[in-house]
Amino acid sequence: MASLGDCRDEIERLHQQFVRCYTGQQADIGPIDAALVDDFGMVAPDGAVVDRESVLAMVREKADSYAPGEFDIEIRNVERIDEGVDLTVCRYEEWQRTPGGRDWRVSTVVFRTAEDAPTGLSWVSVHETPY
């Protein structure tokens, strides 16, 4: 079972990887790729259901879209909803800042314990809802 602290750390770590990629500070999306299970799925804020390869393609497409400091993500109010033997469900707020303003959402993530994941937690599913 993952502790709340482990889950918070992983949520923050992955989102900082997005920030580094989108601001050109990191070209390698390997750390993002390694965190997602093969059959990862996400429900985007607009209701679109996207698979792992679509998420990775989006990261590649948005790479270097912003100058350093123009884009940031802040994670707030992480809470553990449920847990099982190797699954943990958490909810958190994701606050994004861009030159166009702020955007925020409430997200629910399902983690699976996995020794080969960067922090021991793999992302199974995410559901993002506009706030």
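What you are looking at is a predicted structure, and each value in this text was computed from that prediction instead of being measured.

A. Looking closely at the pattern of salt bridges. Under the criterion given, the structure shown has eight salt bridges. Of the charged contacts in the structure, one is a salt bridge between E83 and R80, with a shortest N-O distance of 3.6 Å. Looking at R80, the relative accessible area reads 34%, which means it is partly exposed. Sharing partners across several salt bridges, the network here consists of D33, R52 and E53.

B. How the structure looks around the environment of V19. With respect to the element layout, V19 can be found in helix α1 (residues 4-22). Taking relative accessible area as the criterion, V19 reaches 5% and is therefore assigned buried. If sequence neighbours within four positions are ignored, V19 has contacts with F71, D72 and I73.

C. Inspection of the packing of aromatic side chains at higher detail. Evaluation of the coordinates by the stated rule reveals six aromatic pairs. With a centroid separation of 6.0 Å and an interplanar angle of 45°, the aromatic rings of F18 and Y22 are classed as tilted. One end of the pair is F18 and the other is Y22, both in helix α1 and four residues apart, which spans about a single turn. Of the two residues examined, F18 and Y22, each falls in the buried class. Each residue in the set F18, Y22, Y66 and F71 is aromatic and connected to the rest through ring pairs, giving one cluster.

D. Seen up close, the side chain of S122. Within the secondary structure, S122 sits in strand β6 (residues 121-130). Overall, the relative accessible area of 6% leaves S122 in the buried class. Excluding residues that lie within four positions of it along the chain, S122 makes contacts with A35, V37, V110, F111, R112, A114 and A117.

E. How the structure looks around the nonpolar core. Within the largest apolar cluster, 31 residues are counted, with the highest numbers of intra-cluster contacts made by I11, I32, F40, Y92, V109, F111 and W123. With seven residues, α1 is the largest single contributor of residues to this core. Look past the residues within four positions of F111 in its chain and what remains in contact with it is C7, E10, I11, D86, L87, T88, C90, L121, S122, W123 and V124.

How each quantity is defined
- Residues numbered from 1 in each chain as written.
- Predicted model: local features only at pLDDT ≥ 70, side-chain atom pairs only at ≥ 80, totals over all residues.
- Heavy atoms only, no water.
- Salt bridge = Lys/Arg side-chain N within 4 Å of Asp/Glu carboxyl O.
- Buried < 20%, exposed > 50% of the residue type's maximum accessible area, 1.4 Å probe, protein only.
- Helix = DSSP H or I, 4+ residues; strand = E, 2+ residues; numbered from the N terminus.
- Contact = heavy atoms within 4.5 Å.
- Phe/Tyr/Trp six-rings, centres within 6.5 Å; stacked < 30°, edge-to-face > 60°.
- Core = buried A, V, L, I, M, F, W, Y, C linked by side-chain atoms within 4.5 Å.

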